[in-house]
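So the chains spell out like this:
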Amino acid sequence: MTKKFTLILIVTVSIVTLFAQDGTTKLAEGTLILSKRSYQLANAVAYVSTTSGEEEVAVVLSAQPVSSEKLKKALEAEKKGEFAEFPQPYLKLVFKKSGELKHWSALGGGTTIGGSSDGTGELKLQDAHVVGKATAAVNPSALIPKGFDVRFNAALIKSSDELPASTAKKYGPAANVKPSVTGVFKGNGKEAKLAYVSAHWREPFGDKPSMVLVFTEKDHSKDNKPDFDAGFGKFGSALVVSLHEDVDIFGCEVAHTALKHKNFSSIGRIKTDNFQFADGQVQGELTTDGPDDVFGETWEVNVKFVAPLGEIPKEYQVAQSTETKQASPKSEESKPVEADKRTATKLAAPGLSAKDVALTKDATDVEYSSLVEQMSFKSKLPVKSACADLSANLKAQGWAKDGDDLITPKSSILNRKRGSAKLTIFVKPNASGSEIRMMTEGLSWDEQ
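Quick caveat, the model's predicted, so the values are computed rather than measured.

**Overview of helix H2 (residues 68–79)**
- Its 12 residues give H2 an end-to-end C-alpha distance of 17 Å, which sits within 8% of 16 Å, the value for a rise of 1.5 Å per residue.
- What H2 keeps buried is the set Ser68, Lys70, Leu71, Ala74, Leu75, Ala77 and Glu78.
- Looking at the packing, one finds that the buried side of H2 touches strand S3 (43–49), strand S5 (90–95) and strand S10 (146–157).
- Just downstream of H2 lies Gly81, where phi reads positive at about 80 degrees.

Structural data, given as structure tokens:
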């Protein structure tokens, strides 16, 4: 057993420039082990840190590239005394000016850990680069086995250095790869077989290119809106994850037939591991690292996947000058309500049934789904106009805003409440106008 855990790969490193053509750092390699999982760290960045009150050198090795923008954000957070975030998994080494390893920390697979006495390392400054290595042996009897063996050669960024903006990434055609997904997806301990996966570009979120991953039990390959229909149970149990290409997850919709609350949003636990988007395909892992409790019920996922994904359609490309949002981006997708309960045990007011909820004046193709307590309809109005019309009609019916709305021409989210009832409304464009979906809580569905 000892040999199994202590055999850690040592990888040599060649000198490369700090900022590659795509605006990301590409330096160093090595191996990090956390909780019996092994991660290859193929990127690194080094910078001068003064968080302890004196100058030190921090070296961050990660599986995913660290963009200039993400590094800027991390350095700003450190200056404020806040936690600096980097793409997971990563290993952060902090060296004294003398070159001695002072302490380290690591994050991956939901595990955050650090140390000072169980690691050794050395660092030297050579021609504005820091060259060094660090190692920590794995103790197989530890509660959380951890260790690393890394080497690096990275240009040193000083506090006075100005970081260049990342250049736009070039995209190619979708790869000729067969979509595949394997792993576990459970609701209340009951497994659902996710057999199909697809990746699609969606409207930009937070002024960044965004994609959506759709996992389902039944084949959704011929559906032109699988992320929308999967939430209604059209393809059995499903998982829909929205994220940026730099691995930030900002939306996760869980639909599992074994859960009492058939559909809800939850991004508290789900994370990506070994995520890659390159050469016309996306691949990686999605995991909650065990069951996640959702108001007395549990769900969990641990899957590996690969799916083709080509160039971004013109309508989903980030414009040079994006339109100012009408409200704060804190919404269902940027900060989802953790596990929205879909329950009809409490009525907001006598006689408030789902069919009585106000819609747009020109609503067509209205569908009610009592199983997941959702409704959908279409409008000939563009997204912004549909939001305005719907908001006015709901206000007249006694519904009030529940937090900020996010309204853009390509995607909008409204939150409304009336007594104990709540509505989360998604409005998206379609060929003839808009498509609206309402996720409800606290309505009566007895007569649907």
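Having seen the model, we can carry on.
**Regarding the environment of Ala358**
- Note on placement: Ala358 falls in the loop between strand S21 (297–308) and strand S22 (364–369).
- On the accessibility criterion, Ala358 (15% relative accessible area) is buried.
- Along the chain, Ala358 and Lys395 lie 37 residues apart, while their C-alpha atoms are 9.2 Å from each other.
- Contact partners of Ala358, with chain neighbours within four places excluded, come to Leu390, Asn393, Leu394, Gln397 and Met438.

**Description of unusual backbone geometry**
- Unusually for a residue other than glycine, Asp127 sits at a positive phi of about 50 degrees.
- With respect to the element layout, Asp127 can be found in the loop between strand S8 (120–126) and strand S9 (129–136).

**Re the confidence of the model for the chain**
- In the predicted model, the chain carries a mean pLDDT of 79, and 82% of its residues have values of at least 70.
- Averaged pLDDT values over the elements of the chain bottom out at 32 in helix H1 (residues 2–6) and peak at 96 in strand S11 (residues 180–187).
- pLDDT under 50 marks residues 1–26. Its contacts with residues more than four places away, or in other chains, come to 64 contacts.

**Things to note about the nonpolar core**
- With 32 residues, the main nonpolar core has Phe215, Leu239, Ile270, Val282, Leu286, Trp299 and Phe305 as its most contacted residues.
- For this core, the secondary structure elements donating two or more residues are S11, strand S13 (196–205), strand S14 (208–216), strand S15 (238–244), strand S16 (249–255), strand S18 (271–278), strand S19 (281–287) and S21.
- Examining the composition of this core, we find that five residues originate from one element, S21, more than from any other.
- Leaving out residues up to four positions away in the same chain, Leu239 has contacts with Phe185, Leu213, Val214, Phe215, Cys252, Glu253, Val254, Ile270, Trp299 and Val301.
- By size, the runner-up hydrophobic cluster in this structure holds 25 residues, among which are Ala44, Val59, Phe148 and Phe152.

Conventions adopted
Residues numbered from 1 in each chain as written. Predicted model: local features only at pLDDT ≥ 70, side-chain atom pairs only at ≥ 80, totals over all residues. Heavy atoms only, no water. Helix = DSSP H or I, 4+ residues; strand = E, 2+ residues; numbered from the N terminus. Expected span 1.5 Å × (residues − 1). Buried < 20%, exposed > 50% of the residue type's maximum accessible area, 1.4 Å probe, protein only. Contact = heavy atoms within 4.5 Å. pLDDT = per-residue confidence, 0-100. Core = buried A, V, L, I, M, F, W, Y, C linked by side-chain atoms within 4.5 Å.

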